[in-house]
Amino acid sequence: MTISKDQVLPRSNHATGQPVNSGAGPAAGSGKEFGPLLARASILVVDDEPGMRNFLKRTLGPRCAHVDVAADVAEATALVDENRYDIVILDNVMPGKSGLEWLEEQRAIGFFSDVILMTAYADLETAIQALRAGAMDFVLKPFRSNQILNAMSRCLERRNLQRENFVLRHELMAASDHLALRHRLIGHSQGVETIRETITRVAPLPTSVLICGPSGSGKEVAARSLHALSDRSGKPFVPVNCAAIPADMIEAELFGHVKGAFTGAGDSREGLFLHAHGGTLFLDEIAELPLPLQSKLLRALEDRKVRPVGSEREVSVDLRFVFATNSDLERAVAEGRFRTDLYYRINVMRIDMPPLKDRGDDVIELAELFLTKLAQQLGMPPMDLTESARTAFRRYDWPGNVRELRNLIERSLILGKFPDLTPAVPVVPVAAGDTLENIERDHILKTLEQCDGNRSEAARRLGVSRKTIERKLAQWDGQ
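Enquirer: Please explain the UniProt feature "modified residue: 4-aspartylphosphate" (unreviewed entry) in the protein chain as it appears in this structure.
Expert: Sequence positions flagged by UniProt for "modified residue: 4-aspartylphosphate" (unreviewed entry) are, in local numbering, Asp-91. The residue Asp-91 is located in strand S5 (residues 87-91) in this model. Once residues lying within four places of it in the same chain are set aside, the contact partners of Asp-91 are Val-46, Asp-47, Asp-48, Gly-99, Leu-117, Met-118 and Lys-141.

So this is what it looks like as structure tokens:
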């Protein structure tokens, strides 16, 4: 590979420590043509030539979020220990230790940044060594500024696509029962409106959020809404079901691992924490996290650093944490199954998701949306929600919450009819001579007693409106 001298930047002047000619340097453009990924990138330049360091600092500084420089591998190691870089631009030939030797050492102890190797010798052996050591790209010295910027853009786009694909594959494997409309909170009940207001207030803040509620009540939907309204909405949302990952694999899944860390670890791999970098990590079923890992999670929350399995180095992460559980965490703490310090660390802002049976006519709105969306997905003829089905849906307790409703709608579309949800009506003993009015009064009052005086719940169970209950009570009080 050869490049004519009139197309490149000359080597730096060692006497002055500056490039002989800046060529297509920073004045050549703002860097917007290289995309937003470059503008958010953190870069480390490692080169023993002062002129090259100065040139790259001036070239990349206006185009990248952060640029550090190191004159040797010892200085580079210290910087990598303290900071997280998206790309390291590494010179190969340096006094003491070559760039490739340093890269091999760093990969072995936990180093996940992309590396662009700079070299003046484009022989096949160097290229093979660079690939084996884990370099993503290399450029020949001397080079134009556009060459290094294009190489950086390629690395960032490749890494971004890899992370997006990893997250999508993880979601497909972890959630086979995806809910339609899972990115939206549906309904206009008082409980849902309160949750919307809370999410709107807390979304712009970095505060961790704990979402509690029964299984199928929409905890992930609330978490996705929180992410969508935050300033991290353009970054990854990574959901993790802690109960679905085997206990012996969950640490490597969350924090990543280096090559050879355990049997089967043929390559180093970033964990879900690093794949969610800059975005939101949603840890569902947090109560199922093994105790040994709870202490590591606590440290990650406090320090915003993770240590991949087998690594000697911690890696900084920038994350918004959202947790969810359908368990009683206070009870788990009392029984010693959940760390007290972790509980108080994650329970900063709490959102309680109401069960579907307490959401009134939200069940009708959800059912109609599921009927439309699932009919399209399944290619089935649409169905109308009949008045008898509406009444049955309002009266049913929905122990499986929104997930049960979604499954029932899908089953109804396949069978072409709604199932019978009429609960068994208990036989009320009737005394001889009782009038219909007395029987009605006794039944309403008994239902109210079973509902602890909750008139809305009693009305739902009886299949009447709350106003009917209130009118009857007022009538009986006046007698």
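Enquirer: How should the side chain of Arg-84 be read in this particular structure?
Expert: Inspection of the secondary structure puts Arg-84 in the loop between helix H3 (73-82) and S5. Given a relative accessible area of 16%, Arg-84 falls into the buried group. Within the structure, Arg-84 has its side chain in polar contact with the side chain of His-277 (distance 3.4 Å). At 3.4 Å, the side chain of Arg-84 and the backbone oxygen of Ser-316 are in polar contact. For Arg-84, the residues in contact, after removing those within four places along its chain, are Ser-42, Arg-163, Glu-270, Leu-274, His-277, Val-315 and Ser-316.

Enquirer: Which parts of the structure should I look at to understand the side chain of Arg-63?
Expert: Checked against the element boundaries, Arg-63 lands in the loop between helix H2 (50-60) and strand S4 (66-70). Here the side chain of Arg-63 touches Thr-59 through a polar contact of 2.7 Å, landing on its backbone oxygen.

Enquirer: Explanation requested: unusual backbone geometry in the structure shown.
Expert: In this structure, the amide linkage connecting Lys-141 to the following residue, Pro-142, adopts the cis form with an omega of -10°. Residue placement: Pro-142 occurs in the loop between strand S7 (137-140) and helix H6 (145-174). We note that Asn-401 has phi near 60°; this positive angle belongs to a residue other than glycine. Mapped onto the elements of the fold, Asn-401 is located in helix H16 (residues 401-415).

Cut-offs applied
- Residues numbered from 1 in each chain as written.
- Predicted model: local features only at pLDDT ≥ 70, side-chain atom pairs only at ≥ 80, totals over all residues.
- Heavy atoms only, no water.
- UniProt positions renumbered as here; feature names shortened; annotations may be inferred.
- Helix = DSSP H or I, 4+ residues; strand = E, 2+ residues; numbered from the N terminus.
- Contact = heavy atoms within 4.5 Å.
- Buried < 20%, exposed > 50% of the residue type's maximum accessible area, 1.4 Å probe, protein only.
- Polar contact = N/O pair within 3.5 Å; in protein donor to acceptor, adjacent residues only side chain to side chain.

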